[in-house]
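# Descriptive analysis of the structure
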Number of protein chains: 2
Amino acid sequence: MYTIEFEPVGRRRKCPKGISLLDCARRLNVDIVSICGGMSTCKRCKVQIVSGLVSPPTPEDKAAFTKDELKQNFRLACTTFPRGDVKILVPPESLSAPQRTQVEGLDLKVEPEPPVCGLQVQLSPPSLDAPVSDEQNLWSALKNKYEVPAGRMDITVQQDLSSRLRNQKWKACVALRDKEIVALGASRTRWLGLAADIGTTKIAVYILDMDSGETLASRGLMNPQISYGEDLVSRIYFASKSGENAEKLQRLLVDALNQTVASLCKEIKADPSRIVEAVVVANTAIHHFFLRLPVHQLGVAPYVPAVRSALDIKARDIGLHIAPGGYVHLLPNVAAYVGADHVAMILATGMDQTDGAILGIDIGTNTEICLNRRGKMTSVSCASGPAFEGAHIQHGMRAAAGAIEHVRLSGERVEIQTIGGGPSVGICGSGLLDVIAQMLQNKVIDATGKMNAHPLVRSRDGQKEFVLVDRPEDGSITVSQKDVRELQLAKAAIRLGIETLLDDAGIVEKDIDKVVIAGAFGTFIDVESAVTIGMLPPLPLERFEQVGNAAGTGARLALISKSRRQAADRIASRDGYIELASIPDFNLKFARASSMTWSLAE
Amino acid sequence: MYTIEFEPVGRRRKCPKGISLLDCARRLNVDIVSICGGMSTCKRCKVQIVSGLVSPPTPEDKAAFTKDELKQNFRLACTTFPRGDVKILVPPESLSAPQRTQVEGLDLKVEPEPPVCGLQVQLSPPSLDAPVSDEQNLWSALKNKYEVPAGRMDITVQQDLSSRLRNQKWKACVALRDKEIVALGASRTRWLGLAADIGTTKIAVYILDMDSGETLASRGLMNPQISYGEDLVSRIYFASKSGENAEKLQRLLVDALNQTVASLCKEIKADPSRIVEAVVVANTAIHHFFLRLPVHQLGVAPYVPAVRSALDIKARDIGLHIAPGGYVHLLPNVAAYVGADHVAMILATGMDQTDGAILGIDIGTNTEICLNRRGKMTSVSCASGPAFEGAHIQHGMRAAAGAIEHVRLSGERVEIQTIGGGPSVGICGSGLLDVIAQMLQNKVIDATGKMNAHPLVRSRDGQKEFVLVDRPEDGSITVSQKDVRELQLAKAAIRLGIETLLDDAGIVEKDIDKVVIAGAFGTFIDVESAVTIGMLPPLPLERFEQVGNAAGTGARLALISKSRRQAADRIASRDGYIELASIPDFNLKFARASSMTWSLAE
């Protein structure tokens, strides 16, 4: 038996020797496209071998891939046989059931004040009496019509200027950013903007109309860096090892964005060169990977970012395929583990503007929490780990089709709900939260997380496990004592973060007026379950609000509004930061926070 | 017999069939390096075939060149035999006697006010209590020591920042340009600057210390674009034909600069990454080629530049290998045929600041002339053609070793002086000017340029020619009636330019207080000869000043002084421009200007 792991869906299981990767995928319920049914004729089941040994390329592989692709270990899943434990990356185009990602968020309730404006101009052709340069001619037209003073023009615009003006009969649409012309288009061009929220695990991409602020298209995808580490620490280690590694991590992100942008643009029938501005938000490590900034110092005390301030970088300088003169704006970071995505979340929820005490939580592999109490904002970052993404959980998986997302337990009867409604394949984060809350309420576990005797609890290899789905021949789905411990670590980290913020502000949990829960995972969890296990404070349910992908919304706001961009800068400089690892009695407090009840703060 | 032409030296002559390119070069006195004496073992006689058919590559060629180089028609001169008329480019490294170019000019008499400053800083390492980002840490240090407010930092500096600060024990030297950090170096780095004057035929390159303003190294080289056309009009036509052609012309310039910079840096033991700023001056067409701006509109009425204003462009955006965050500053152009090099000449001579009437002339393939009379500056551009570079002249050549540069004629006795003092090979521009002035004074030609009977005048193929060097077996050197006509066209263009400016100002030539002659050619001419043939006005010789490469000096001034840069902008916007082709009775006036006397203006 070999252990076969499929990324980015995060399914891993032992498979017998002698079956193809496609058959392994079928056993693990990973839905790889295969039109020919494994006859190696459709060439659609393309996968990439990340690690481990497989059979050598067949003539079918050689026909399906370029030499370069073969070198990068691309293979057809149907022709390839594992020769040991292997890890496989399934590219998005080979997955028939896409991973559930989160692009929806709060509505954009601002008047657009676009950082890049579209200005229509009509120039007078030059003459022998007035042989004015094309560049001066354009600035004169802008001055006459819009009172825009002469400024700069991107070199790529200048390289295109003279022929374009003549081809378009001296009519054009200018994309003006501050004092710089970043693009020049046909008359009446509607300029577009790109917003991206790059998470550790997931990416959300949006295309907006810069003028109206309307979201024209959006898509969620997996972060392809996952094959180089589930968590940030392993990716930081990988990137620090060599310049090529750092470049690889950057290229993966940029390529993924480029492909998604190209595909979304096709959807709305627009050329990517019409995108004249991009806003990218991410946590600090991903922010640094994306710009190929050094990350080594993020991973060692005293944990400092290379860059904290907001940045404006020419898209071409990082290889992003939008208008060649366009800029990428990156919102500011707060600290090494409180990044621009957190700033974007605060921006989107408006929690920096509220009175009273408001708590904002973006739950993920890393969970950032911000408390704003009477205008004093403070944030912490908690290493909640990848348990919510299904990693390190015996039958865990990401939130893809077949994942158990909700569980109810009454006595010995288990009710489950899967994503897509089909047969269950594994448990995703929200399902795990539910089942453990139900186990606690039904006394299958006690407040310390210890599993008690129960008709659905059995022992396997000396370890207790709770049987969620009993399928002796086709693989049961269970929750082990170890899985309970994994979730306890995650919830303890989050709870300790909340308690630290409350302590710092000198308040207790009942003083919290509102809890905003952001992020893909936060959207799908049952808040009651989270309160039950003591991950979130015991407050009336109406004080909780699940807002979806708020970081993505923040990115979109910053894309279309100059004043929202300034607001983000203010948020980042106002936001205080507490390094959780530096609080006194950290270990003791952490242990206490792992308790399955939220004991009221003394 | 095949016609073999060697560039960039500009030698062309018929050679018998069956001899190698190396032997052709020897017959034409083109000094190609050949250590092994043509045994094809030293592999030093590398040349590039620009046009025409030659023998196929030999095994020696295949050993000496990469596949790419062979595709680009690189061959060893000793193994290659012409199969028809061919044109050969001899790369600088294969030339043993370099072309005479002009890098010397006026001294830099300004206090440096460098646009890029070097600032030494010592940072405090971050701590868990103050985990400040490296970027903020650097700005704080700059603020504390120099009161520099936080600004921008080039992405390449940011990519290098964290590791550099730690490796250098938190000490660094910052290169600050306005509000942007463009480079970061070891403590006490002395930042360098690059100035380049790119002419139609020749390039002058200088490396300066940005802080002291001292010129540390300089070199002259040929413009490699010559193989795509002697004059600008043919290069404009070539570049307009396709994007690849335009790119090729740009690459030639950038590669030549990169190679020269690398070699000069080696000479002064500095890494090119220490060069943090560059200033480039050129005529408008070369300026456009260098930036790959469109040029088609330069070549057709109403002759407009794409860009007139001064530009600041990241060096990496045009592939220039200096500090990756450094900028290239391009001085402003005046018109399609009055470029930034003319502005640089005015800047260097200070003629914009003088009282009275001063005339500035930069003689070359294109001659720009500026008249400043009581603060009113006006320029013209004259298509003087490549005769001064020896092109289209029967025995013409560029100013390289063996070129006749000075001639005296007394009766039937001819005295010649060659560059380098060796045997005569051909005539360069200053020699041609001399010989025609001497012919006029000795009545060998009359005021219309017609050749009279004279013991040294003979007839060949129905055309009269003046014998300068009589070597029946080894090739004589003569000046033909057609050569006289070529020079007449060139001098008529310049004279008409001067007259047009005088007419426009309402003055006559004796009102001119000073004539400044700039440029390589202008340095070496005998002013008296130029006055004799009526190319320059008949003024007392002490009113003329030959200042060498003033455009190169202007580029250096703009490199090290912010106020000189602003002065250049003022010059360009003050300088009026008269399009010579648009003056009334152009043809009549041009014909009159070709007369070999300067008739006093009515």
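Note that the structure is predicted; figures quoted are calculated from it, not measured. (Residues numbered from 1 in each chain as written. Chains lettered and ligands numbered in written order. Predicted model: local features only at pLDDT ≥ 70, side-chain atom pairs only at ≥ 80, totals over all residues.)

## Observations regarding the overall build of chain A
- When its secondary structure is counted, chain A shows 17 helices and 27 strands.
- Against the compact-globule benchmark of 25 Å for 602 residues, chain A has a radius of gyration of 26 Å, which places it among compact chains.
- Considering only C-alpha atoms, chain A reaches an extent of 100 × 70 × 40 Å along its principal axes.
- Residues counted as buried form 55% of the 602 residues belonging to chain A.
- Restricting to contacts in chain A with at least 6 residues of sequence separation, those with at least 24 account for 69%. (Helix = DSSP H or I, 4+ residues; strand = E, 2+ residues; numbered from the N terminus. Rg over C-alpha atoms; globule rule 2.2 N^0.38 Å. Buried ≥ 20, exposed ≤ 12 C-beta atoms within 10 Å, placed from the backbone. Contact = placed C-beta atoms within 7 Å.)

## Here we look at the nonpolar core
- Counting 378 residues, the largest nonpolar core has Ala196(A), Ala344(A), Ala196(B) and Ala344(B) as the members making the most contacts within it.
- Other than its neighbours up to four places away in sequence, Ala344(A) contacts Asp197(A), Val281(A), Leu331(A), Ala551(A), Gly554(A), Ala555(A), Ala558(A) and Ala568(A). (Core = buried A, V, L, I, M, F, W, Y, C linked by C-beta atoms within 7 Å.)

## With respect to the domain arrangement of chain A
- Taken domain by domain, chain A holds domain 1 (2-94), domain 2 (116-185), domain 3 (193-330) and domain 4 (355-602).
- Centre-to-centre separation of domain 2 of chain A and domain 4 of chain A, based on C-alpha positions: 54 Å. (Domains from an automatic or database assignment.)

## Quick word on the packing of helix α9 (residues 340-349) of chain B against helix α15 (residues 562-574) of chain B
Residues and elements named next belong to chain B.
- As a packed pair, α9 and α15 sit with axes 9 Å apart at the nearest point and diverge in direction by 120 degrees. On the basis of the axis angle, α9 is oblique to α15. Crossing angle aside, the handedness with which α9 passes α15 is right-handed. Of the residues in α15, those touching α9 at Val343, Ile346 and Leu347 are Arg564, Ala567, Ala568, Ile571 and Ala572. (Axes fitted to C-alpha atoms, helices over the stretch in contact; angles between N-to-C directions. Parallel < 35°, antiparallel > 145°, perpendicular 65-115°, else oblique. Left-handed = near helix turned anticlockwise from the far one by under 90°.)

## Points about the interface of chain B and chain A
- Facing the 35 residues of chain B at the interface are 35 residues of chain A.
- Of all elements in the fold, only α4 (134-146) and α5 (155-167) of chain B reach the threshold of two or more residues within the side of chain B that touches chain A.
- At 6 residues, the largest contribution of residues to the side of chain B that touches chain A is made by α5(B).
- The class makeup of the residues in the side of chain B that touches chain A is 19 nonpolar, 10 polar and 6 charged. (Nonpolar A, V, L, I, M, F, W, Y, C, P; charged D, E, K, R; others polar.)

## Examining the pairing of strand β25 (residues 514-518) of chain A
Residues and elements named next belong to chain A.
- Of all 5 residues making up β25, 4 are buried, and the element is well covered by its neighbours.
- In this sheet, β25 lies alongside strand β16 (residues 357-362) in parallel orientation, the contact comprising 5 bridges. Residue pairing across strands places Gly360 opposite Val516, the latter belonging to β25.
- The sheet contact formed by β25 and strand β26 (residues 544-548) spans 4 bridges and is parallel. Bridging across to β26, Val516 finds its partner in Glu545. (Pairing = 2+ DSSP bridges.)

## Details of the pairing of strand β5 (residues 86-89) of chain A
- Pairing of strand β1 (residues 2-7) of chain A with β5(A), which is carried by 4 bridges, proceeds in the parallel orientation. Across the sheet, Glu5(A) pairs through a bridge with Lys87(A), a residue of β5(A).

## Section: the sheet that holds strand β8 (residues 171-177) of chain B
All names here are of chain B.
- Overall, mixed pairing links the 4 strands, which are arranged β6-β8-β9-β7 in an open sheet. Here the strands that pair on one side only, and so sit at the sheet edges, are β6 (116-122) and β7 (152-153).
- Taken strand by strand, α4 contacts β6, β7 and β8, and its axis lies near 100 degrees from that of β6.

## Observations regarding the packing of α9(B) against helix α14 (residues 550-560) of chain B
Residue and element names in this part refer to chain B.
- Look at α9 against α14: their axes get within 7 Å of each other, and the N-to-C directions meet at 80 degrees. As judged from the angle between their axes, α9 and α14 are roughly perpendicular. On α14, the residues touching Asp341, Ala344, Met345, Leu347, Ala348 and Thr349 of α9 are Ala550, Ala551, Thr553, Gly554, Ala555, Leu557 and Ala558.
- Class assignment for the residues of the contact of α9 with α14 results in 9 nonpolar, 3 polar and 1 charged.

## Concerning helix α7 (residues 243-267) of chain B
Residues and elements named next belong to chain B.
- The first and last C-alpha atoms of α7 sit 36 Å apart over 25 residues, in line with the 36 Å expected at 1.5 Å per residue.
- Restricting attention to buried positions, one finds in α7 the residues Ala246, Leu249, Gln250, Leu253, Ala256, Leu257, Thr260, Val261, Leu264 and Cys265.
- The secondary structure elements touched by the buried residues of α7 are β10 (192-198), β11 (202-209), β12 (215-222), α6 (232-241), β13 (275-282) and α8 (284-291).
- Positive phi shows up at Lys269, right after α7, with a value of about 55 degrees. (Expected span 1.5 Å × (residues − 1).)

## Here we look at the relation of the copies chain B and chain A
- Under the fitted operation, chain B is carried onto chain A by 0.0 Å of movement along the axis and a turn of 180 degrees, and the coordinates agree to an RMSD of 0.1 Å. Taken together, the rotation angle and the small translation identify this as a two-fold axis. Taking C-alpha positions as reference, the residue of chain B nearest the rotation axis is Asp317(B), located at 4.5 Å.
- A share of 100% of interface residues in chain B that are also interface residues in chain A marks the association as one of identical surfaces. (Least-squares fit on C-alpha atoms with pLDDT ≥ 70 in both.)

## Describing the sheet that holds strand β2 (residues 11-15) of chain B
Residues and elements named next belong to chain B.
- Taken in spatial order, the 5 strands make up an open sheet running β2-β1-β5-β3-β4, and their pairing is mixed. Every interior strand has two partners, whereas the edge strands, β2 and β4 (74-76), have only one. Between one strand axis and the next, the sheet turns by 35 degrees as a mean value, whatever way the strands run.
- Of the pairings in the sheet, the one linking strand β3 (residues 46-51) to strand β5 (residues 86-89) comprises 3 bridges and is antiparallel in character. Looking at β5, one finds that Ser51 is bridged to Lys87.

## Examining the environment of Pro82(B)
All names here are of chain B.
- Following the sequence through the fold, Pro82 ends up in the loop between β4 and β5.
- Between the C-alpha atom of Pro82 and that of Ser227, which follows or precedes it by 145 residues, the distance is 18 Å.
- Those residues within four positions of Pro82 in sequence are excluded, and the remaining contacts are Tyr2, Ile4, Leu21, Gly52 and Val54.

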